[in-house]
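Observations on the model geometry
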Amino acid sequence: MESNFTNGSESHNHKHEPNRFAVIPTAARLRANTELTGKGVTIAFIDSGFYPHPDLIQPANRILAYVDITESDAPLDLLAKTQPETWDWHGTQTSVSATGNGFLSEGIYRGLASEAQVVLIKASARGKITEPNIAKAFEWVRANRERYNIRVVSISLGGDEDVAHETNIVDQAAEALVQAGIVVVVAAGNSGCTSEHKPVPPANAPSVITVGGYNDNNQLNGNVDLYCSSYGPTANGFLKPEIIAPAMWVAAPILPNTEFYHRAVALSQLAAAPDYMLNALVSEYWQLAEMSPEFAQAEPELIRAMIDAKLRESKIVATHYQHVDGTSFAAPIVAALVAQMLEANPKLAPAMVKHILIATADRIPDQAAVRQGYGVVNARRAVDMASREQHQLNGHHFLPPRIESGKMVFYFHHDEAESVWLVGDFNNWQQAHTRFAKQEEEGIWRAEIAAPAPGRHEYKLLLDGHRWLDDPNNALKAPDNYGGFNSILYVK
């Protein structure tokens, strides 16, 4: 593919095909429904900085607003920005990996929400992130949600330390967003292989969707390994993350008008050239490609070996893309999937979106459940369930067990289940003792018991007499010694 277009102040004419180190496009990696593109949904990205990338503005600009929360809460003209800053890398890559249309890759590296509209909120002061600015960004979204039809927030930033969510301004602002009807998707963090592995605000907030990561080794049918995602339980005892998504081998844009961008273009030009042109092109591009000028006289085989080494070292997968890693990219992928779900069913409330993602995920066998939550996100299954859901359920239907009129009441949503039983230490783990009753008009199952004795209790749900699961409405968990979890109930 030959391309001529203007990107900021730059015009160019060169090939855009992925190279032989290409990674699997996200839609193929997740076997997602490509007929849905997030159309009609606005995603707000909160990050360190942004650049007007062609995948968001060509052929039509989908950036509804750009705000620098550290200087002004008034929308700014991002399209006037021609020279990026170092802190623009992260936000450009997270937003484009989710909502880019693949303009610079002939559509190959487009996100799941390639037709969603976006709002970009810069929350860093020259790259420095503070909790007050994250909270301020959340508050801006809440104040402007109707103006821009914001349904989803994606944030791959974190605060200072894991503390009780009731005491933290970031967590409280995130909870307020969910209460206002916005789905908040948060990167878990990348500290899972350290002793300080607990998620920090807003990833520890109870109502957000916290996303960890996995590594599929860039294979469609290969083994799936856990990424070093941060994980709970949090200071409040909530298990995080809820789900995991690709956190390695994710295609993301190279920041335009940077030295790395020009190096990638030069290396890609050399990689695509026939042997008879290599020496002449090396003479022209050796500085941009960071090669020795002596290579202009080398044999084609040696030149190509050097080009391949540099492409692999820089993770360049196409002229304008590289592969990246981190839960910073797992979260926006899930945010884009949420946009697909809302396109399929605009009536879904945040609690239902979270429930569907949990209900359709697949745990990785023989891997620690505490590090993966409910498991690998299943994009196609989540969209299918979202499109079929006819009930307009809100957060009230997805609350943990609570006392009502002197009884301990449990709620559970499942449209297809034939029977649901409550089994716990408060009924001596009897499998046919406490049965849920189904409220047909809402698909909600309800059970009540006499309030258990004060203290700590454990329980599970039994579906159709054979499927055991922990209560998805209750984020307090403990290992069940069988590779899963019991749900925890504290009675005062």
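Residues numbered from 1 in each chain as written. Predicted model: local features only at pLDDT ≥ 70, side-chain atom pairs only at ≥ 80, totals over all residues. Heavy atoms only, no water.

Thoughts on the overall build of the protein
Check the secondary structure of the protein and you find twelve helices and 25 strands. In terms of overall size, the protein behaves like a compact globule, its C-alpha atoms giving a radius of gyration of 24 Å where 492 residues would be expected to give roughly 23 Å. With the principal axes as the frame, the protein shows a C-alpha extent of 85 × 45 × 40 Å. Counting every position in the protein, which comprises 492 residues, the buried fraction comes to 59%. When contacts within the protein are restricted to residue pairs at least 6 apart in sequence, long-range pairs at least 24 apart make up 75% of them. Taken as a whole, the protein presents about 20,200 Å² of accessible surface, with 48% of it coming from carbon and sulfur. Side chains of the protein carry 40 positive and 56 negative charges; the gap between the two charge centres is 4 Å. (Helix = DSSP H or I, 4+ residues; strand = E, 2+ residues; numbered from the N terminus. Rg over C-alpha atoms; globule rule 2.2 N^0.38 Å. Buried < 20%, exposed > 50% of the residue type's maximum accessible area, 1.4 Å probe, protein only. Contact = heavy atoms within 4.5 Å. Areas by Shrake-Rupley, 256 points an atom, 1.4 Å probe, with all protein chains shown as cover. Lys, Arg positive; Asp, Glu negative; His and termini not counted. Charge placed at Lys NZ, Arg CZ, Asp CG, Glu CD.)

Things to note about the pattern of salt bridges
On inspection of all chains with the given rule, the structure shows 17 salt bridges. The closest approach of N and O atoms between aspartate 216 and arginine 29, which form a salt bridge, is 2.7 Å. Note that aspartate 216 is positioned in the loop between strand 10 (209–215) and strand 11 (225–226) and arginine 29 in helix 1 (residues 26–30), a separation of 187 residues in sequence. Relative accessible area serves as the criterion here: at 6%, aspartate 216 is assigned to the buried category. (Salt bridge = Lys/Arg side-chain N within 4 Å of Asp/Glu carboxyl O.)

Examining the nonpolar core
Grouped together as the largest cluster of nonpolar side chains are 68 residues, with contacts concentrated most on Val185, Val211, Leu337, Val338, Met341, Val353 and Leu357. Broken down by element, this core gets its largest block of residues, twelve residues, from helix 9 (residues 327–344). With sequence-adjacent residues up to four places away left out, valine 353 is seen in contact with Val183, Ile209, Val338, Met341, Leu342 and Leu348. Formed by 30 residues, the second largest nonpolar core is a distinct cluster that contains Ala137, Ile150, Leu177 and Val208. (Core = buried A, V, L, I, M, F, W, Y, C linked by side-chain atoms within 4.5 Å.)

So, the sheet that holds strand 20 (residues 437–439)
Taken in spatial order, the four strands make up an open sheet running 16-17-21-20, and their pairing is antiparallel. Here the strands that pair on one side only, and so sit at the sheet edges, are strand 16 (402–404) and strand 20. Averaged over neighbouring strand pairs, the angle between their axes works out to 40 degrees when direction is ignored. When strand 17 (residues 407–413) meets strand 21 (residues 444–450), the two strands line up antiparallel, connected through seven bridges. Its bridge partner lying in strand 21, lysine 407 is registered against alanine 450. (Pairing = 2+ DSSP bridges. Axes fitted to C-alpha atoms, helices over the stretch in contact; angles between N-to-C directions.)

Side note on the sheet that holds strand 14 (residues 316–318)
The antiparallel open sheet is built from three strands, whose spatial order is 13-15-14. The two strands at the open ends of the sheet, each matched to only one other strand, are strand 13 (250–253) and strand 14. Taking each pair of neighbouring strands and ignoring which way they run, the sheet shows an average axis angle of 45 degrees. The pairing of strand 14 with strand 15 (residues 321–324) spans two bridges and is antiparallel.

As for the pairing of strand 17
Taken across its seven residues, strand 17 has six buried, putting it largely inside the fold. Between strand 16 and strand 17, which pair antiparallel in sequence order, lie two residues; one of them, serine 405, sits at a positive phi of approximately 55 degrees.

As for helix 9
For helix 9, which comprises 18 residues, the first-to-last C-alpha distance of 26 Å matches the rise-based estimate of 26 Å (1.5 Å per residue) to within 8%. Within helix 9, 16 of the 18 residues are buried, which leaves it mostly tucked inside the rest of the structure. (Expected span 1.5 Å × (residues − 1).)

Concerning the state of the cysteines
Taken as a whole, this structure holds one disulfide when the rule is applied. Two residues, cysteine 193 and cysteine 228, share a disulfide whose sulfurs are 1.8 Å apart. An S-S torsion of about -75 degrees defines the bridge between cysteine 193 and cysteine 228 as left-handed. Taken together, the residues cysteine 193 in the loop between strand 9 (183–187) and strand 10 and cysteine 228 in the loop between strand 11 and strand 12 (243–246) connect sequence positions 35 residues apart. A relative accessible area of 52% means that cysteine 193 is categorised as exposed. (Disulfide = S-S within 2.5 Å.)

Regarding unusual backbone geometry
Following glutamine 58, the chain continues to proline 59 via a peptide bond in cis, the omega torsion being -5 degrees. Tracing the chain through its elements places proline 59 in the loop between helix 2 (54–57) and strand 4 (63–68). Here the bond from lysine 240 into proline 241 is cis, since omega is 0 degrees, no more than 30 degrees from zero. Summarising the element assignment, proline 241 is placed in the loop between strand 11 and strand 12. Look at asparagine 481: it is not a glycine, yet its phi comes out positive at around 70 degrees. As for its placement among the helices and strands, asparagine 481 is situated in the loop between strand 24 (477–479) and strand 25 (485–491).

Some remarks on the packing of aromatic side chains
Scanning all chains against the criterion turns up six aromatic pairs. Seen from their ring centres, phenylalanine 410 and tyrosine 459 are 5.2 Å apart, and the 75 degrees between their planes marks the pair as edge-to-face. Highlighted residues: phenylalanine 410 in strand 17 and tyrosine 459 in strand 22 (residues 455–463), separated in sequence by 49 residues. Across the pair, exposure class does not vary: phenylalanine 410 and tyrosine 459 are buried alike. By way of ring pairs, the aromatic residues Phe410, Phe426 and Tyr459 are connected into one cluster. A cation sits over an aromatic face here: arginine 363 above tyrosine 374, 5.2 Å from the ring centre. (Phe/Tyr/Trp six-rings, centres within 6.5 Å; stacked < 30°, edge-to-face > 60°. Lys NZ or Arg CZ within 6 Å of the ring centre and 35° of its normal.)

Brief notes about the environment of phenylalanine 138
Counting through the fold element by element, phenylalanine 138 comes out in helix 4 (residues 131–148). The class for phenylalanine 138 is buried, based on a relative accessible area of 0%. Between the C-alpha atoms of phenylalanine 138 and phenylalanine 410, which are 272 residues apart in sequence, the distance is 31 Å. If near-sequence neighbours (up to four positions away) are discounted, phenylalanine 138 is found in contact with Ile46, Val153, Ile155, Val170, Ala173, Ala174, Leu177, Val184 and Pro202.

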